[in-house]
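Each chain, letter by letter, is given below.
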Amino acid sequence: MSVKAGIIGFGYMGHFHLNKSREVGIQVVAAYDIKQEKLDDAKAEGLEPYSSLEKFLKQDLDLVFVCTPNDVHAELCIACLNAGKNVMCEKPVTMNSKELEQVITAAEKNQKIFTVHQNRRWDVDYLMVKNTVDSGDIGNITSIQSRVYGQRGVCFGWRADPKAGGGMLYDWGIHLIDQFLCMFRGHKVTSVYARLQSILTPAVDDSFELQLIFDNNVCAKVQVGTFCLQDLPRWFVYGDRGTLKIDDFSGKTGGMARIKGQVQGFDSVFGKNLGPSRTMAPLKPEYLETLPMPVAETDPYEYHRNLKASVKGEAKPYVSFEDMRRDMKIVDLAFESSAKNMVIKTEI
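The rules behind the values
- Residues numbered from 1 in each chain as written.
- Predicted model: local features only at pLDDT ≥ 70, side-chain atom pairs only at ≥ 80, totals over all residues.
- Heavy atoms only, no water.
- Patch = residues over 30% accessible without salt bridge, like charges linked within 9 Å, V, L, I, M, F, W, Y side chains within 5 Å.
- Areas by Shrake-Rupley, 256 points an atom, 1.4 Å probe, with all protein chains shown as cover.
- Salt bridge = Lys/Arg side-chain N within 4 Å of Asp/Glu carboxyl O.
- Helix = DSSP H or I, 4+ residues; strand = E, 2+ residues; numbered from the N terminus.
- Phe/Tyr/Trp six-rings, centres within 6.5 Å; stacked < 30°, edge-to-face > 60°.
- Lys NZ or Arg CZ within 6 Å of the ring centre and 35° of its normal.
- Pairing = 2+ DSSP bridges.
- Contact = heavy atoms within 4.5 Å.
- Axes fitted to C-alpha atoms, helices over the stretch in contact; angles between N-to-C directions.
- Buried < 20%, exposed > 50% of the residue type's maximum accessible area, 1.4 Å probe, protein only.

On the surface, Ile199, Leu200, Phe227 and Leu229 cluster together into a nonpolar patch covering about 400 Å² of accessible area. Note that Leu200 resides in the loop between strand 8 (189–197) and strand 9 (207–214).

What follows is the structure, encoded as structure tokens:
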């Protein structure tokens, strides 16, 4: 069985899914967009262009990629599902949990696949952290810092438009939240605290901080900003026996170390210059073990291979309804926490 697909919204991510689909054998044959230049682009790529959603949905398509601004995700997904199409939607899957439940209801009623593009589950830097957490190489994890910073100080394109669902919580936050929920799958989030800021983009959040506490006492911190002119590590992981630092998305630089044996008190310090205090003094070299950086392998086409297999009835989508529900509930609570300037207790 071949899988024939169409794309709604033939912008950057529309091209992304076209190229990925071609690599895994999904046959993309059509595109719908409201802009003529995008339709011309689709035609140049060999796709049948449609300026009418109704005509597009009448085509013989097994799968539709929804790659539009965030505010119309829900209505387009429901229209596709009601037309008998399987749907993959770009993130965030909807604007809130209420919209998500409406789409899930349509998917269940029509017995069609509905999933979201959470491709950063396959980022090598994330997998390196996850492997370290799972291995116990630096002991029990106490806290993890996850950061994504840019320098331009702008939210690109419609991401600066609140009506379109712009802002960094929707754009990057949903990815980083999903990574943490996958990293600690089986553990519930017990509290959410967020602070959203509009530093250089007045209409939407161009910077935010989010803290999640899990029921295993891990504190997960997310920091995203579009205006940061000095580098901080992409990941900083604290364990009760060691520390991991990963500098950027490549995962090629950073460091990991742990203590040898049980180091207590001032017996482990050395030298006359102990820094600001004996409490913060360095360990003697014989107590410190430098570890090789964690190793992770990733397949850039795994998500789309799974999507193809799911449409053919050979697999289940990697991102489930429950995954989407948890992600969006955290986003909802982050907006609420920031608006109220308070920690939100929960059990997600």
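Our next topic: the packing of aromatic side chains. Considering all chains together, one arrives at eleven aromatic pairs under this definition. Over the face of the ring belonging to Tyr301 we find Lys20, whose NZ or CZ atom lies 4.6 Å from the ring centre. Positioned above the aromatic ring of Trp158 is the side chain of Arg159, whose terminal nitrogen or guanidinium carbon lies 4.5 Å from the ring centre.

Strand order in this open sheet of nine strands is 14-13-12-11-7-10-9-8-15, and the pairing throughout is mixed. In this open sheet, the two strands that pair with only one neighbour each are strand 14 (288–291) and strand 15 (344–345). Across the sheet, helix 6 (residues 124–135) lies against strand 7 (141–149), strand 11 (235–239), strand 12 (242–246) and strand 13 (254–259), angled at about 170 degrees from strand 12, the strand it touches most. Along the sheet, helix 9 (residues 321–340) contacts strand 8, strand 9 and strand 15; its crossing angle with strand 8, the most-contacted strand, is approximately 55 degrees.

This structure, assessed with the given rule, holds 19 salt bridges. Lys58 is paired through a salt bridge with Glu54; the nearest N and O atoms lie 3.7 Å apart. Using a relative accessible area of 64% as the deciding quantity, one classes Lys58 as exposed. Note on Glu54: relative accessible area 55%, which makes it exposed. Shared partners join several salt bridges into a network, and the residues in it are Arg121, Asp178, Arg185 and Asp323.

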